[in-house]
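What the coordinates show
The primary structure of each chain is shown beneath.
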Amino acid sequence: MHTKNRKQKEEQEKKNEINCVICLEGIFSGGIFPLQNCEHIFHVQCLEPYMVEQIDNRNLPIKCPISECKAEIAELDIKDVLQTKMNYQSIYDDNLIKCYIDSHPNDFYQCPTPDCKALYKVEGGPKFDCPECQKVY
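Residues numbered from 1 in each chain as written. Predicted model: local features only at pLDDT ≥ 70, side-chain atom pairs only at ≥ 80, totals over all residues. Heavy atoms only, no water.

The omega torsion across Leu 60 and Pro 61 is 0°, close enough to zero to call that bond cis. Residue placement: Pro 61 occurs in the loop between helix 2 (44–56) and helix 3 (75–81). The backbone of Leu 24 sits at a positive phi, close to 65°, despite the residue not being glycine. You can see Leu 24 is positioned in the loop between helix 1 (2–16) and strand 1 (32–34). Take Leu 24: its relative accessible area is 62%, and that puts it in the exposed class. Positive phi, normally seen in glycine, also occurs at Arg 58, with a value near 55°. (Helix = DSSP H or I, 4+ residues; strand = E, 2+ residues; numbered from the N terminus. Buried < 20%, exposed > 50% of the residue type's maximum accessible area, 1.4 Å probe, protein only.)

For the coordinates displayed, the defined rule picks out two salt bridges. A salt bridge links Asp 102 to Arg 58; the shortest N-O distance between them is 2.8 Å. Of this pair, Asp 102 sits in helix 4 (residues 86–103) while Arg 58 sits in the loop between helix 2 and helix 3, and the two are 44 residues apart along the sequence. The exposure class of Asp 102 is exposed, given its relative accessible area of 53%. A salt bridge links Lys 79 to Asp 93; its shortest N-O distance comes to 3.1 Å. (Salt bridge = Lys/Arg side-chain N within 4 Å of Asp/Glu carboxyl O.)

For Tyr 137, the position within the fold is in the segment after strand 4 (119–121). Residue class for Tyr 137 comes out partly exposed when judged on its relative accessible area of 41%. Taking the C-alpha atoms as reference, Tyr 137 lies 9.1 Å from Cys 111; in sequence the two are 26 residues apart.

Because an α-helix packs 3.6 residues into every turn, residues spaced three or four apart end up facing the same way. Between its terminal C-alpha atoms helix 4 stretches 26 Å, which fits the 26 Å expected from 18 residues at 1.5 Å a residue. Buried residues of helix 4: Tyr 88, Gln 89, Tyr 92, Asn 95, Cys 99 and Ile 101, and no others. Those residues of helix 4 hidden inside the fold are in contact with helix 2, helix 3, strand 3 (108–110) and strand 4. (Expected span 1.5 Å × (residues − 1). Contact = heavy atoms within 4.5 Å.)

Attention now moves to the confidence of the model for the chain. Residues with a pLDDT of 70 or more make up 84% of the chain, whose mean pLDDT is 82. Per-element confidence in the chain is highest for helix 2, whose mean pLDDT is 94, and lowest for helix 1, whose mean pLDDT is 52. (pLDDT = per-residue confidence, 0-100.)

Let us look at helix 2. Taking 1.5 Å as the rise per residue, helix 2 with 13 residues should run 18 Å; its terminal C-alpha atoms sit 18 Å apart, in good agreement. Three or more residues of helix 2 are buried, namely Cys 46, Leu 47, Glu 48, Tyr 50, Met 51, Val 52, Gln 54 and Ile 55. Close packing links the buried residues of helix 2 with strand 1, strand 2 (41–43), helix 3 and helix 4. Among the residues trailing helix 2, Arg 58 stands out with phi positive, at a value near 55°.

Attention now goes to the nonpolar core. Here is a general trend for soluble globular proteins: nonpolar side chains tend to be buried in one another's company. Counting residues in each nonpolar core, the largest one holds 24 residues, and the members touching the most others are Met 51 and Ile 62. Elements supplying a minimum of two residues to this core: helix 2, helix 3 and helix 4. The greatest single-element share of this core, amounting to six residues, is contributed by helix 2. Cys 111, Ala 118, Tyr 120 and Phe 128 belong to the second largest nonpolar core, which has six residues in total. (Core = buried A, V, L, I, M, F, W, Y, C linked by side-chain atoms within 4.5 Å.)

This is the structure in structure tokens:
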């Protein structure tokens, strides 16, 4: 009787176990990370490559990996998950600016100098003096 009860309890726990939708493993088998905006739970080690891929492909804003969920992942969550990949935090920030500029082509533009990250509001005039890199266009 004791063995039967334990097996029933184990089966019940398996039914109640939540799986990470990225790796399909039990969510409590490693470091977990609940997202702020939707409260879905994932493994940190699964979220990191997911976020890196989204940043590389400029799929911004980054959304929850659950396809039915449309929630954007909070910037603090992104920074927390990518804390060991400092270069990706910078790439994320750069790509976020580029996506914003691309979605507002009549309002903003970035200085055309390759390493200049200055962002400007579009104003009339054929001449442009960049106060950041000192180039004249």
